[in-house]
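Secondary and tertiary structure notes
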Amino acid sequence: MPKLNENYLNVQDSYLFAEIARRVKAYEENHPDKAGSIIRLGIGDVTRPLTKSAVEGLHKAVDEQTVSETFKGYGPEQGYEFARKAVADYYARNGVSVDADDVFISDGAKSDTGNITELFAQDNVILVPDPVYPVYVDTNTMDGKKIIYMNGTEENDFLPMPDNNVKADIIYLCSPNNPTGACYNKEQLKAWVDYALANEAVILFDSAYEAFVSEPELPRSIYAVEGAKKCAIEFCSLSKTAGFTGTRFSYTVVPKELVFATSDGKELSLHDMWNRRQSTKFNGTPYIIQYAAAQVFTEQGMSECMENISYYMENARVIAETLRKKNIPFTGGVNSPYIWFKCPNGMESWELFDHLLENIQVVGTPGAGFGVNGKNYFRLTSFGTHEKTKEAMERFDKLF
Ligand SMILES: *Cc1c(COP(=O)(O)O)cnc(C)c1O
């Protein structure tokens, strides 16, 4: 009989979106007359279609695959040179220097943030913010690794800062943040880099929403901070930037500077380890997708993405305006597609969920699903249409 990885018993059921779906379905069944007017502002998925550059790239690459002269089979596990260079050039245009050789192309920031745990031993002190993107917690739990939480609260604007009394080995940061929409400034990220360097810790930095940063002084990459290449791995993705949630392209930067001592005094490079891991367990992102992604990273391609992002951010503006009018405290919505607000009238997040569904047929995401600090908070997303978002917030305005 196989002995199973019983750490899976410690992984919480992915209850959040299933429970939301269950409550919405029950409401629809009990109120068939209202079912048609439900507006969903809970989704964490994009809705705008692929851009022109991406689509043209896909078509061209498909055509290449139909001819033996240009047909491509297995590609490099790390990604094609042209794609790695396209990512490095994109960083450079945003003022950050990244070596194309340190860029690993993959099929998702979710897979990479999950798989990276393999490089680390069991007995690390792992710091994870709460509220949080659940992948960091669940993947470490599956590995049997122990997590220490750092609180994101109204007091720290949902941006936990280093605590010198806690000696961490691995630190997860996500900025702009899902679910809170909060974004670290450069000084705050520098404090984290300084902490990591002083404690020989590694920062796992998720910048999946970097393209939504609208305030130019805010860092879009941890490598905007000096010294970060000695202590940070960065994960990013075209999922939210270019609507690639169903198309799949991500990139992870593992600088060669990330070298740590082993227990017997040798040295191990995280870059070499990740390279070995990917070469062994991954056979690359499809050529067609990498080719299309390279078109997305051109100036023309990115300006098309920014049109979609501006569309979403107009929704964020409408949501924020309503919350401000109602004096409801919130974070996000400026450098992030997410808006995280305090439930009015002392409600808890599931209570507000039901209240909004029952009274105005608006569906959002209860903060409790992202950690204990989300108990009294609620997430709305700007990934809907202008019409629906406006309508939802007009109903919200009347309700409170
Ligand atoms: C959406 C999202 C990602 C992107 O994941 P993919 O697997 O690339 O689609 C990564 N991190 C966070 C926090 C996200 O919300």
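Just so we're clear, the structure is a prediction, and the values are computed from it rather than from any experiment.

**Side note on the UniProt feature "modified residue: N6-(pyridoxal phosphate)lysine" (unreviewed entry) in the chain**
Under the UniProt annotation, the feature "modified residue: N6-(pyridoxal phosphate)lysine" (unreviewed entry) is placed at Lys 240. For Lys 240, the position within the fold is in the loop between strand 7 (232-237) and strand 8 (250-253). Residues in contact with Lys 240, not counting those within four places in the same chain, are Gly 44, Val 46, Ala 208, Tyr 209, Phe 212, Thr 245 and Phe 383. A polar contact of 2.9 Å, which involves the side chain of Lys 240, links it to the side chain of Tyr 209.

**Some remarks on the UniProt feature "binding site: pyridoxal 5'-phosphate" (unreviewed entry) in the chain**
When the UniProt feature table is mapped to this numbering, "binding site: pyridoxal 5'-phosphate" (unreviewed entry) covers Tyr 74, Ala 109, Lys 110, Tyr 133, Asn 178, Tyr 209, Ser 237, Leu 238, Ser 239, Arg 248 and Asn 283. These residues run over 210 residues, and the two farthest C-alpha atoms among them are 34.3 Å apart, placing them at more than one spot. Narrowing the list just given to those that line the largest pocket leaves Ala 109, Lys 110, Tyr 133, Asn 178, Tyr 209, Ser 237, Ser 239 and Arg 248. Residue placement: Tyr 74 occurs in the loop between helix 2 (52-65) and helix 3 (81-93). Residue Tyr 74 is classed as exposed on the basis of its relative accessible area, which comes to 73%. Excluding residues within four positions of it along the chain, Tyr 74 makes contact with Tyr 80 and Asn 283. As for its placement among the helices and strands, Arg 248 is situated in the loop between strand 7 and strand 8. Look at Arg 248 and you get partly exposed, because its relative accessible area is 30%. If near-sequence neighbours (up to four positions away) are discounted, Arg 248 is found in contact with Asp 107, Gly 108, Ser 239, Thr 285 and Ile 289. Among the polar contacts made by the side chain of Arg 248, one reaches the main-chain carbonyl oxygen of Asp 107 at a distance of 3.1 Å.

**Looking at the state of the cysteines**
On inspection of all chains with the given rule, the structure shows zero disulfides. Distance from the sulfur of Cys 305, which forms no disulfide, to the nearest cysteine sulfur (Cys 236) is 12 Å. In this structure Cys 305 comes out as buried when scored by relative accessible area, which is 0%.

**A look at the site of the ligand**
Around the ligand, the structure places 13 residues, and the nearest of them are Asp 206, Tyr 209, Ser 237, Ser 239 and Lys 240. At 2.8 Å from an oxygen atom of the ligand is found a main-chain nitrogen or oxygen belonging to Ala 109. One of the side-chain nitrogen or oxygen atoms of Tyr 209 is found 2.6 Å away from an oxygen atom of the ligand. Isolated, the ligand exposes 390 Å² of accessible area, and the fraction of that covered by the protein chains is 92%. Taken atom by atom, the bulk of the ligand overlaps the largest pocket. For the shell around the ligand, a count of residues per class yields five nonpolar, four polar and four charged.

**Looking at the domain arrangement of the chain**
Examined at the domain level, the chain breaks down into domain 1 (9-49 + 301-399) and domain 2 (52-298). With 31 residues of domain 1 at the interface, the matching set in domain 2 holds 41 residues. For the pair domain 1 and domain 2, the two sides together bury roughly 2,800 Å², of which 59% comes from carbon and sulfur. Considering only the surface of domain 1 that becomes buried against domain 2, Met 302, Asn 335 and Asn 373 emerge as the three largest contributors, covering 25% of it. Where domain 1 touches domain 2, the interface holds one salt bridge. At the junction of domain 1 and domain 2, the tally comes to 18 residue pairs in polar contact (both at pLDDT 80 or more). For the side of domain 1 that touches domain 2, the secondary structure elements donating two or more residues are helix 9 (299-325), strand 11 (330-332), strand 12 (338-342) and strand 15 (377-381).

**Remarks on the packing of helix 1 (residues 15-30) against helix 10 (residues 349-360)**
Running from N to C, helix 1 and helix 10 cross one another at 30°; their axes reach a closest spacing of 11 Å. Overall, the two elements helix 1 and helix 10 adopt an arrangement that is roughly parallel. As for how helix 1 packs across helix 10, the hand of that crossing is right-handed. On helix 10, the residues touching Tyr 15, Leu 16, Glu 19, Ile 20, Arg 23, Val 24 and Tyr 27 of helix 1 are Trp 350, Phe 353, Asp 354, Leu 357 and Glu 358. For the contact of helix 1 with helix 10, the per-class residue count stands at eight nonpolar, no polar and four charged.

**Brief notes about helix 8 (residues 287-296)**
Taking burial as the measure, the ten residues of helix 8 include eight buried ones, the bulk of the element. Among the residues of helix 8, those classed as buried are Tyr 287, Ile 289, Gln 290, Tyr 291, Ala 292, Ala 293, Ala 294 and Val 296. At its buried positions, helix 8 is contacted by helix 2, helix 3, strand 2 (103-106) and helix 9.

**Digging into the environment of Tyr 287**
Among the secondary structure elements, Tyr 287 is positioned in helix 8. Distance in space between the C-alpha atoms of Tyr 287 and Asp 102 is 19 Å, their sequence separation being 185 residues. Among all residues touching Tyr 287, those that are not within four sequence positions of it are Ala 61, Glu 64, Gln 65, Lys 72, Tyr 80 and Phe 82. In this structure the side chain of Tyr 287 is engaged in a polar contact, spanning 2.4 Å, whose partner is the side chain of Glu 64.

**Quick look at the packing of aromatic side chains**
Aromatic rings considered in pairs are described by the distance between their centres and by the relative angle of their planes. Inspection of the entire model under this criterion finds 27 aromatic pairs. Arranged with centres 6.1 Å apart and planes meeting at 90°, the rings of Tyr 91 and Tyr 251 form a pair that is edge-to-face. Highlighted residues: Tyr 91 in helix 3 and Tyr 251 in strand 8, separated in sequence by 160 residues. Of the two residues, Tyr 91 and Tyr 251, both sit in the buried class. Relative to Phe 297, the ring of Tyr 251 has its centre 5.6 Å away and its plane inclined at 75°; by these criteria the two rings are edge-to-face. Placement of the pair is Tyr 251 in strand 8 and Phe 297 in the loop between helix 8 and helix 9, with a sequence separation of 46 residues. As far as burial versus exposure is concerned, Tyr 251 and Phe 297 are alike and both buried.

Reading guide: rules and limits
The residue numbers shown here count from 1 along each chain, following its written sequence. Totals for whole chains, interfaces and linings use every residue, but because this is a predicted model, local features are given only for residues with pLDDT of at least 70 and side-chain atom pairs only at 80 or more, for both listing and counting. Calculated side-chain values reflect all of the structure's heavy atoms, with hydrogen atoms and water omitted. UniProt positions are given in the numbering used here, feature names are shortened, and annotations may be inferred rather than shown by experiment. Working definition: helices are DSSP H or I runs of at least four residues, strands are E runs of at least two. Numbering for both runs from the N terminus. Contact between two residues is taken to exist if any of their heavy atoms lie within 4.5 Å; hydrogens are not considered. Polar contact criterion, stated in full: a pair of N or O atoms within 3.5 Å, where within protein one must be able to donate a hydrogen and the other to accept it, and residues adjacent in sequence count only if both atoms are side-chain atoms. Grid points spaced at 1 Å and placed over the protein atoms alone form the basis of the search, with a cavity being a set where a 1.4 Å probe fits but cannot get out and a pocket an open set showing protein on both sides within 12 Å along at least five of seven lines. Lining residues have an atom within 4 Å of a point. Only protein chains enter the accessibility calculation, which uses a 1.4 Å probe; a residue whose area is less than 20% of its type maximum is buried, one above 50% is exposed, and one in between is partly exposed. Criterion for a disulfide: a pair of cysteine sulfur atoms within 2.5 Å. Any residue with at least one heavy atom within 4 Å of a molecule or strand is counted as near it. Methods summary: accessible areas were calculated by the Shrake-Rupley approach with a probe of 1.4 Å, and residue burial reflects only the protein chains presented. Grid points define the cavity or pocket, and a molecule sits in it when more than half of its atoms lie within 2 Å of them. Only Asp, Glu, Lys and Arg are considered charged, only Ala, Val, Leu, Ile, Met, Phe, Trp, Tyr, Cys and Pro nonpolar, and every remaining residue, Gly among them, polar. The split of the chain into domains comes from an automatic or database domain assignment. When two components associate, each loses some accessible surface as probed by a 1.4 Å sphere; the sum of these losses over both components is called the buried area. What counts as a salt bridge is simple: a side-chain nitrogen of Lys or Arg found within 4 Å of a carboxyl oxygen of Asp or Glu. All axes are obtained by fitting lines to C-alpha atoms, using only the stretch in contact for helices, and the reported angles, taken between N-to-C directions, cover 0 to 180 degrees. For classification purposes, an angle smaller than 35 degrees is called roughly parallel, one larger than 145 roughly antiparallel, one from 65 to 115 roughly perpendicular, and anything else oblique. A crossing counts as left-handed when the near helix is turned anticlockwise from the far one by less than a right angle, and as right-handed when that turn is clockwise. Pairing of aromatic rings covers Phe, Tyr and Trp, the last counted by its six-membered ring, and requires centre-to-centre distances within 6.5 Å; plane angles under 30 degrees mean stacked, over 60 mean edge-to-face, and any other angle means tilted.

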